[in-house]
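Chains, contacts and geometry: an overview
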Amino acid sequence: MIRLDDVSVEKSGSRILSDVSLAFGQGGITALIGPNGAGKSTLLHTIAGLIAPARGRVEVEGVDITRARPPERAHRLALLAQNERVTARLTVRELVGFGRWPHHRGRPREVDRRMIAEALDTFDLTTLAERQLDALSGGQRQRAFVAMAWAQETPWLLLDEPLSALDPRHARDIMDRLHALTRPGAARRSVVIVLHDLGVAARYADRIVALKDGRLVVSGPRVLTMTGAMLSDLFETGLTIERVAGRDVVVPA
Amino acid sequence: MAERRLILLALALAGVSALFILWNLRAPMGFILSLRLVKLASLCIVGAAIGTATVLFQTVAANRLLTPGIVGFDALFVFIQTMLVLTLGAAGFATLPVLAQFGLETLVLVVAALALFGALLRKGSDDILRLVLTGVILGVLLRGLAGLAQRLLDPSEFAIVQQASFATFGAVDRAQLAIAAAVLALSVVAALRLARLLDVAALGRGTALSLGLDFDRVIFAALGVVALLVAVSMALVGPITFLGLLAASLAHAILPTWRHALLLPGAALIGAIILVSGQFVFERLLGLQSTLTVIVEFLGGLLFLFLVLRRSRS
């Protein structure tokens, strides 16, 4: 379980998050939504233990994550940050292999090689495994980064806008895989993802955490919380949710 | 493949070193051999130190165009030389105990570098760009101050500062050389111990932290090693700004790997090969003196421009 109690985060004297309290259990996909500057990425990095809150406490599986040592954190959650630049020339297999680093600290064993092969297979990267990262399309490259985070084999996977540079086909491809892998009986992983595309959130999220101006607006199951009224209020523009071909779709009101 | 190329580089260094020592060796052999061995050792130490330091620095800064010289090291060295001559005078500077001067310069360079790195990194390593820019600005300031101070010197004092501001391998003290060799050995061991951690750091701060790397500590340790390597090589022979860029770029081109366990020794070997082979060609084949560092700076500067233009085009 991830639990935040009265968490406030400040940066350069200004408050980015104010008194955020929420809790959610394992399993499924949790989408962080909200307008630009709402504090979604800050919240994700605070959950990851990379930003220390000015006030409050963040617990992941009962452990105060801001006090946990980096290796311990890396066994509890994997964070895929936004727009990471890699200067080294890596193949897809080498990048995904870094996901195992918390387990082997630079000395891979047989179990690590097996997990790398599994992550490559899970994200349909086996045929691209020996290709250089800079020879891949944006979608393939992003899939490789998600596979690296997946290979870390943590109960929680935190993704900061992984779809921001992808076309709808590639975005859907990644979300389909994550959705399938977080269903009960699958890999028993949980995904917390920052999303700008409300259509993607409506289609794939099990839970919604909505933020505005650094404050929590709502947190709970998507079917209960994600309503046209809530979205209109959150984004200060008329939005409604309609059912099209059996799926929820967000459209302008 | 990279391992085999590393062995070839080691063999190449052994080859050019043998040529440097044995080419045209005449009587009195013992005397000439000892002179050549001292020069060879200083060339190898400086080349290896600058090559290693530059690969470390480029990984820390996540930028293959940067060298430690860019963050003001060279300017600080020239400033120290100028202030020593200004305060002690030409005679005082000339009679300064060699080891004391070497120790003082190394200490000031290391302390200044660690103060800069420490002050900026305390706010988090997002500040790498700020660190580089602050270093560039400090470099300009120090160069300006040194230039101002140089106007107060008489011509003979100015000539001493000018001579000390360019790297020269002709007058290396043996005691300094022994200390520099010991510091280099310790620094290379420290760098190689960091190698596996630097492989992860090269993925970027966010990813490295997510993988459980104590990123800030690794970066600070790497910058400490950079400060030590650059300070020792500079105090030994003087500044060579672009040698590091040449060595690191060639290491990345020759060794197709991201593994610092191979890149660091590779850049060290290439740095040494450039200096030893360059000195061999200029001194033994062409009979020229004191032109090697000028050529290294010229070629390094051209490479820098080429890399900048290639990057802006892509």
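Residues numbered from 1 in each chain as written. Chains lettered and ligands numbered in written order. Predicted model: local features only at pLDDT ≥ 70, side-chain atom pairs only at ≥ 80, totals over all residues. Heavy atoms only, no water.

The name given to chain B in an unreviewed UniProt entry is Iron complex transport system permease protein, and the organism recorded there is Citreimonas salinaria. In the Subcellular location (unreviewed entry) part of its UniProt record, chain B is described as follows: "Cell membrane". Listed under Sequence similarities (unreviewed entry) in UniProt, the entry text for chain B is "Belongs to the binding-protein-dependent transport system permease family. FecCD subfamily." (UniProt positions renumbered as here; feature names shortened; annotations may be inferred.)

With an unreviewed UniProt entry as reference, chain A is termed Iron complex transport system ATP-binding protein, source organism Citreimonas salinaria. In UniProt, chain A has this text filed under Subcellular location (unreviewed entry): "Cell membrane". As its UniProt record puts it under Sequence similarities (unreviewed entry), chain A is described as follows: "Belongs to the ABC transporter superfamily."

Before going further, it helps to examine the overall build of chain B. Helix and strand counts for chain B come out as 12 helices and 0 strands. Taken from N to C terminus, the helices and strands of chain B fall in the order α-α-α-α-α-α-α-α-α-α-α-α. Oriented by its inertia axes, the alpha-carbon framework of chain B measures out at about 60 × 50 × 40 Å. The proportion of buried residues among the 314 residues of chain B is 54%. For chain B, the share of sequence-separated contacts (at least 6 apart) that also reach a separation of at least 24 residues comes to 78%. In the structure as shown, chain B presents an accessible area of about 13,800 Å², 71% of it carried by carbon and sulfur atoms. Here chain B carries 21 positive and 13 negative side-chain charges, and the mean point of each set is 8 Å from the other. (Helix = DSSP H or I, 4+ residues; strand = E, 2+ residues; numbered from the N terminus. Buried < 20%, exposed > 50% of the residue type's maximum accessible area, 1.4 Å probe, protein only. Contact = heavy atoms within 4.5 Å. Areas by Shrake-Rupley, 256 points an atom, 1.4 Å probe, with all protein chains shown as cover. Lys, Arg positive; Asp, Glu negative; His and termini not counted. Charge placed at Lys NZ, Arg CZ, Asp CG, Glu CD.)

The next point concerns the pattern of salt bridges. All names here are of chain A. Across all of its chains, the model carries 24 salt bridges over all chains by this definition. As a salt-bridge pair, Glu 59 and Arg 57 come within 2.8 Å of each other at their nearest N and O atoms. A relative accessible area of 35% means that Arg 57 is categorised as partly exposed. Arg 67 is the salt-bridge partner of Asp 64, the closest N and O atoms lying 3.3 Å from each other. By relative accessible area, which is 13% here, Asp 64 ends up buried. Judged by relative accessible area, Arg 67 falls into the exposed class, the value being 70%. Bridged by salt links that share partners, the residues Arg 57, Glu 59, Asp 64 and Arg 67 form one connected network. (Salt bridge = Lys/Arg side-chain N within 4 Å of Asp/Glu carboxyl O.)

Every contact between the two is made by 20 residues of chain B and, on the other side, 27 residues of chain A. Between chain B and chain A the total buried area reaches about 2,000 Å² when both faces are included, carbon and sulfur atoms providing 58% of it. At the boundary of chain B and chain A, one finds 0 salt bridges. At the junction of chain B with chain A, the criterion picks out 5 residue pairs in polar contact (both at pLDDT 80 or more). Secondary-structure elements contributing two or more residues to the side of chain B that touches chain A are helix H7 (174-201) and helix H8 (205-210) of chain B. No other element matches the 5 residues that H8 of chain B contributes to the side of chain B that touches chain A. (Buried area = accessible area lost by both parts, 1.4 Å probe. Polar contact = N/O pair within 3.5 Å; in protein donor to acceptor, adjacent residues only side chain to side chain.)

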